[in-house]
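# Architecture and fold: a report
Read off the chains here:
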Amino acid sequence: MNDSREQRALLILDLDECLIYGSKSVLHREADFRVGPYYLYRRPGLTDFINGAADAFTLAVWSSASSDYVAEIATTIRPQNSDWAFVWARERCTRRMHSETQETIYVKDLKKVKRLGYLLERVLFIDDTPDKMARNYGNAIYVSPFEGDDKDNELEVLLKYLLAIQFEPDYRNVEKRGWRNRAIST
Ligand SMILES: [Mg+2]
(Lines give C-alpha, C1' and ligand atoms only; values in the text may rest on other atoms or scores of the structure.)
Protein backbone atom coordinates (compact mmCIF):
# COMPACT_ATOMS: atom_id res chain seq x y z
CA MET A 1 0.00 0.00 0.00
CA ASN A 2 2.90 2.37 -0.52
CA ASP A 3 1.64 3.42 -3.92
CA SER A 4 -0.45 6.52 -3.42
CA ARG A 5 -2.74 5.35 -6.19
CA GLU A 6 -3.77 2.34 -4.11
CA GLN A 7 -4.45 4.30 -0.99
CA ARG A 8 -7.57 6.39 -0.93
CA ALA A 9 -6.92 9.87 0.28
CA LEU A 10 -9.06 11.49 2.97
CA LEU A 11 -11.21 14.50 2.13
CA ILE A 12 -12.65 16.36 5.14
CA LEU A 13 -15.59 18.63 4.44
CA ASP A 14 -16.94 21.59 6.34
CA LEU A 15 -20.73 22.10 6.33
CA ASP A 16 -21.98 25.66 6.97
CA GLU A 17 -21.40 28.06 4.06
CA CYS A 18 -19.32 25.33 2.44
CA LEU A 19 -21.79 22.58 1.48
CA ILE A 20 -25.00 24.03 2.88
CA TYR A 21 -26.46 27.25 4.20
CA GLY A 22 -28.57 27.30 7.33
CA SER A 23 -30.79 30.31 7.85
CA LYS A 24 -33.20 31.18 10.63
CA SER A 25 -35.63 32.51 8.04
CA VAL A 26 -36.78 31.26 4.64
CA LEU A 27 -34.79 32.71 1.73
CA HIS A 28 -36.07 33.39 -1.78
CA ARG A 29 -37.27 29.79 -2.14
CA GLU A 30 -38.45 26.92 0.05
CA ALA A 31 -35.70 25.28 2.10
CA ASP A 32 -34.37 21.87 1.04
CA PHE A 33 -34.79 20.54 4.57
CA ARG A 34 -34.98 21.75 8.15
CA VAL A 35 -32.89 21.07 11.22
CA GLY A 36 -34.31 22.44 14.46
CA PRO A 37 -35.07 26.15 13.91
CA TYR A 38 -32.92 26.32 10.75
CA TYR A 39 -33.94 26.30 7.11
CA LEU A 40 -31.26 24.42 5.21
CA TYR A 41 -30.23 25.09 1.62
CA ARG A 42 -27.99 22.74 -0.35
CA ARG A 43 -25.19 24.36 -2.32
CA PRO A 44 -25.94 23.82 -6.05
CA GLY A 45 -24.46 20.53 -7.29
CA LEU A 46 -24.10 19.15 -3.75
CA THR A 47 -25.38 15.63 -4.43
CA ASP A 48 -23.17 15.20 -7.52
CA PHE A 49 -20.23 16.61 -5.61
CA ILE A 50 -20.61 14.26 -2.64
CA ASN A 51 -21.13 11.17 -4.77
CA GLY A 52 -18.37 12.10 -7.22
CA ALA A 53 -15.91 12.84 -4.42
CA ALA A 54 -16.87 9.58 -2.66
CA ASP A 55 -15.78 7.62 -5.75
CA ALA A 56 -12.25 8.98 -5.39
CA PHE A 57 -11.76 9.79 -1.71
CA THR A 58 -12.63 8.59 1.75
CA LEU A 59 -14.97 11.31 3.00
CA ALA A 60 -15.44 12.82 6.43
CA VAL A 61 -17.26 15.80 7.94
CA TRP A 62 -15.72 18.28 10.35
CA SER A 63 -17.76 21.30 11.33
CA SER A 64 -17.44 23.77 14.17
CA ALA A 65 -21.20 23.74 14.72
CA SER A 66 -22.94 21.81 17.53
CA SER A 67 -22.90 18.03 17.33
CA ASP A 68 -26.67 17.45 16.99
CA TYR A 69 -26.91 19.88 14.09
CA VAL A 70 -23.84 18.42 12.41
CA ALA A 71 -25.00 14.81 12.83
CA GLU A 72 -28.40 15.52 11.33
CA ILE A 73 -27.02 17.33 8.30
CA ALA A 74 -24.32 14.70 7.75
CA THR A 75 -27.00 12.00 7.70
CA THR A 76 -29.16 13.95 5.28
CA ILE A 77 -26.40 14.61 2.72
CA ARG A 78 -24.55 11.29 3.14
CA PRO A 79 -22.97 9.79 -0.02
CA GLN A 80 -25.09 7.23 -1.82
CA ASN A 81 -22.74 4.22 -1.78
CA SER A 82 -20.53 4.85 1.22
CA ASP A 83 -20.56 6.49 4.61
CA TRP A 84 -18.53 9.20 6.33
CA ALA A 85 -15.28 7.94 7.88
CA PHE A 86 -16.09 10.27 10.78
CA VAL A 87 -18.44 13.13 11.60
CA TRP A 88 -16.87 15.66 13.93
CA ALA A 89 -18.36 18.80 15.44
CA ARG A 90 -17.24 21.72 17.56
CA GLU A 91 -15.91 19.66 20.47
CA ARG A 92 -13.18 18.29 18.19
CA CYS A 93 -12.04 21.80 17.33
CA THR A 94 -9.41 23.70 19.27
CA ARG A 95 -10.67 26.91 20.84
CA ARG A 96 -8.52 29.95 20.17
CA MET A 97 -8.85 33.69 20.51
CA HIS A 98 -8.37 35.66 17.31
CA SER A 99 -5.37 37.93 17.91
CA GLU A 100 -6.96 40.98 16.29
CA THR A 101 -10.73 40.65 16.74
CA GLN A 102 -10.53 38.88 20.14
CA GLU A 103 -13.35 36.62 18.95
CA THR A 104 -13.40 32.92 19.70
CA ILE A 105 -12.36 30.84 16.72
CA TYR A 106 -12.60 27.09 16.36
CA VAL A 107 -9.50 25.69 14.71
CA LYS A 108 -9.44 22.26 13.06
CA ASP A 109 -6.10 20.75 13.99
CA LEU A 110 -5.22 17.82 11.73
CA LYS A 111 -3.10 16.32 14.50
CA LYS A 112 -6.36 14.76 15.65
CA VAL A 113 -6.86 13.19 12.24
CA LYS A 114 -3.29 11.93 12.18
CA ARG A 115 -3.95 10.14 15.46
CA LEU A 116 -6.57 8.05 13.65
CA GLY A 117 -3.78 6.72 11.42
CA TYR A 118 -4.22 8.91 8.34
CA LEU A 119 -1.08 10.14 6.58
CA LEU A 120 -1.29 13.91 6.44
CA GLU A 121 0.30 14.02 2.99
CA ARG A 122 -2.90 12.35 1.79
CA VAL A 123 -5.42 14.50 3.65
CA LEU A 124 -7.27 17.51 2.25
CA PHE A 125 -9.79 19.67 4.01
CA ILE A 126 -12.24 22.10 2.56
CA ASP A 127 -13.50 25.15 4.40
CA ASP A 128 -14.87 28.62 3.70
CA THR A 129 -13.08 30.14 6.73
CA PRO A 130 -9.28 30.31 6.46
CA ASP A 131 -8.91 30.89 10.25
CA LYS A 132 -10.24 27.39 10.93
CA MET A 133 -7.47 25.82 8.89
CA ALA A 134 -4.68 27.93 10.40
CA ARG A 135 -2.77 24.95 11.78
CA ASN A 136 -2.63 23.11 8.46
CA TYR A 137 -2.71 25.52 5.53
CA GLY A 138 -0.80 22.99 3.44
CA ASN A 139 -3.76 20.62 3.50
CA ALA A 140 -6.44 23.24 2.99
CA ILE A 141 -8.58 24.25 0.07
CA TYR A 142 -10.45 27.44 0.70
CA VAL A 143 -13.86 27.85 -0.97
CA SER A 144 -16.00 30.96 -1.26
CA PRO A 145 -18.78 31.13 1.33
CA PHE A 146 -22.20 29.96 0.14
CA GLU A 147 -25.20 31.93 1.36
CA GLY A 148 -27.97 30.62 -0.85
CA ASP A 149 -27.04 31.79 -4.34
CA ASP A 150 -28.74 29.46 -6.87
CA LYS A 151 -26.15 30.32 -9.54
CA ASP A 152 -23.18 29.24 -7.46
CA ASN A 153 -21.01 26.63 -9.24
CA GLU A 154 -18.19 26.27 -6.71
CA LEU A 155 -18.79 22.56 -6.02
CA GLU A 156 -18.84 21.61 -9.69
CA VAL A 157 -15.48 23.32 -10.25
CA LEU A 158 -14.08 22.00 -6.98
CA LEU A 159 -14.86 18.37 -7.88
CA LYS A 160 -13.08 18.80 -11.19
CA TYR A 161 -10.04 20.17 -9.37
CA LEU A 162 -10.05 17.42 -6.73
CA LEU A 163 -10.20 14.69 -9.35
CA ALA A 164 -7.27 16.32 -11.16
CA ILE A 165 -5.03 16.22 -8.08
CA GLN A 166 -6.34 13.07 -6.40
CA PHE A 167 -3.23 10.94 -7.13
CA GLU A 168 -0.67 13.50 -5.99
CA PRO A 169 1.60 11.78 -3.44
CA ASP A 170 1.77 14.76 -1.08
CA TYR A 171 -1.03 17.32 -1.17
CA ARG A 172 0.99 19.71 0.96
CA ASN A 173 3.33 20.21 -1.99
CA VAL A 174 0.51 21.08 -4.36
CA GLU A 175 -0.08 24.80 -4.88
CA LYS A 176 -3.76 25.06 -4.05
CA ARG A 177 -4.19 28.81 -4.14
CA GLY A 178 -5.97 29.79 -7.31
CA TRP A 179 -7.44 26.29 -7.60
CA ARG A 180 -10.50 27.56 -9.51
CA ASN A 181 -8.37 28.76 -12.42
CA ARG A 182 -6.40 25.51 -12.39
CA ALA A 183 -9.61 23.47 -12.51
CA ILE A 184 -11.00 25.48 -15.38
CA SER A 185 -7.80 25.20 -17.42
CA THR A 186 -7.54 21.38 -17.14
MG1 LIG B 1 -18.04 26.98 7.19
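Residues numbered from 1 in each chain as written. Predicted model: local features only at pLDDT ≥ 70, side-chain atom pairs only at ≥ 80, totals over all residues. Heavy atoms only, no water.

Next up on the list: the environment of Phe-57. Tracing the chain through its elements places Phe-57 in strand S5 (residues 57–62). A relative accessible area of 1% means that Phe-57 is categorised as buried. Residues Phe-57 and Gly-45 lie 12 residues apart in sequence; the distance between their C-alpha atoms is 18 Å. Apart from residues lying up to four places away in sequence, Phe-57 is in contact with Arg-8, Ala-9, Leu-11, Leu-124, Leu-162, Gln-166 and Tyr-171. (Helix = DSSP H or I, 4+ residues; strand = E, 2+ residues; numbered from the N terminus. Buried < 20%, exposed > 50% of the residue type's maximum accessible area, 1.4 Å probe, protein only. Contact = heavy atoms within 4.5 Å.)

What follows concerns the coordination of the magnesium ion. For the magnesium ion, every protein donor is listed as Asp-14 (OD), Asp-16 (O) and Asp-128 (OD), and the spread of their distances is 2.1 to 2.2 Å. Each donor residue of the magnesium ion lies on the same chain, and together they follow the pattern D-x1-D-x111-D. (Donors = N, O, S within 2.8 Å, 3.2 Å for Na, K, Ca; no water.)

What follows covers the packing of aromatic side chains. Under the criterion given, the structure shown has 5 aromatic pairs. With centroids separated by 5.0 Å and ring planes inclined at 90 degrees, the aromatic side chains of Trp-62 and Trp-88 adopt a geometry described as edge-to-face. On the criterion of sequence distance, the pair formed by Trp-62 in strand S5 and Trp-88 in strand S6 (residues 87–88) is long-range, its members being 26 residues apart. Trp-88 sits in the buried class, given a relative accessible area of 6%. Members of the aromatic cluster, connected to one another through ring pairs, are Trp-62, Phe-86, Trp-88 and Tyr-118. Positioned above the aromatic ring of Tyr-39, the side-chain terminus of Arg-34 is 4.2 Å from the ring centre. Lying over the aromatic face of Tyr-106, Arg-90 brings its terminal NZ or CZ to 5.0 Å of the ring centre. (Phe/Tyr/Trp six-rings, centres within 6.5 Å; stacked < 30°, edge-to-face > 60°. Lys NZ or Arg CZ within 6 Å of the ring centre and 35° of its normal.)

A regular strand carries its side chains on alternate faces of the sheet. Counting buried positions over the 6 residues of S5 gives 5, a clear majority of the element. Relative to S5, strand S1 (residues 9–13) runs parallel, the two sharing 5 bridges. Across the sheet, the residue bridging to Leu-11 is Leu-59, located in S5. Direction of pairing for S5 relative to S6: parallel, over a ladder of 2 bridges. Each residue of the ladder has a partner; that of Val-61, found in S6, is Val-87. Where the polypeptide runs from S5 across helix H2 (residues 67–76) and back to S6, its parallel neighbour, the crossover connection is right-handed. (Pairing = 2+ DSSP bridges. Right-handed = clockwise from strand over helix to strand, strands pointing away.)

Two strands in a sheet stick together by hydrogen bonds in their backbones, pointing the same way (parallel) or opposite ways (antiparallel). In spatial order, the strands read S6-S5-S1-S9-S10; together these 5 strands make up an open sheet with parallel pairing. Among the strands making up the open sheet, the edge pair consists of S6 and strand S10 (140–142). Pairing of strand S9 (residues 123–127) with S10, which is carried by 3 bridges, proceeds in the parallel orientation. Bridged to Asp-127 within S10 is Tyr-142. Packing against the sheet, helix H4 (residues 154–165) makes contact with S1, S5, S9 and S10, and its axis sits at approximately 165 degrees to S9. (Axes fitted to C-alpha atoms, helices over the stretch in contact; angles between N-to-C directions.)

In this fold, Ile-50 is placed in helix H1 (residues 46–56). Classification of Ile-50 as buried rests on a relative accessible area of 2%. Between the C-alpha atoms of Ile-50 and Leu-13, which are 37 residues apart in sequence, the distance is 9.7 Å. Each residue touching Ile-50, except ones within four places of it in the same chain, is listed here: Leu-13, Leu-19, Leu-59, Ile-77, Arg-78, Pro-79 and Trp-84.

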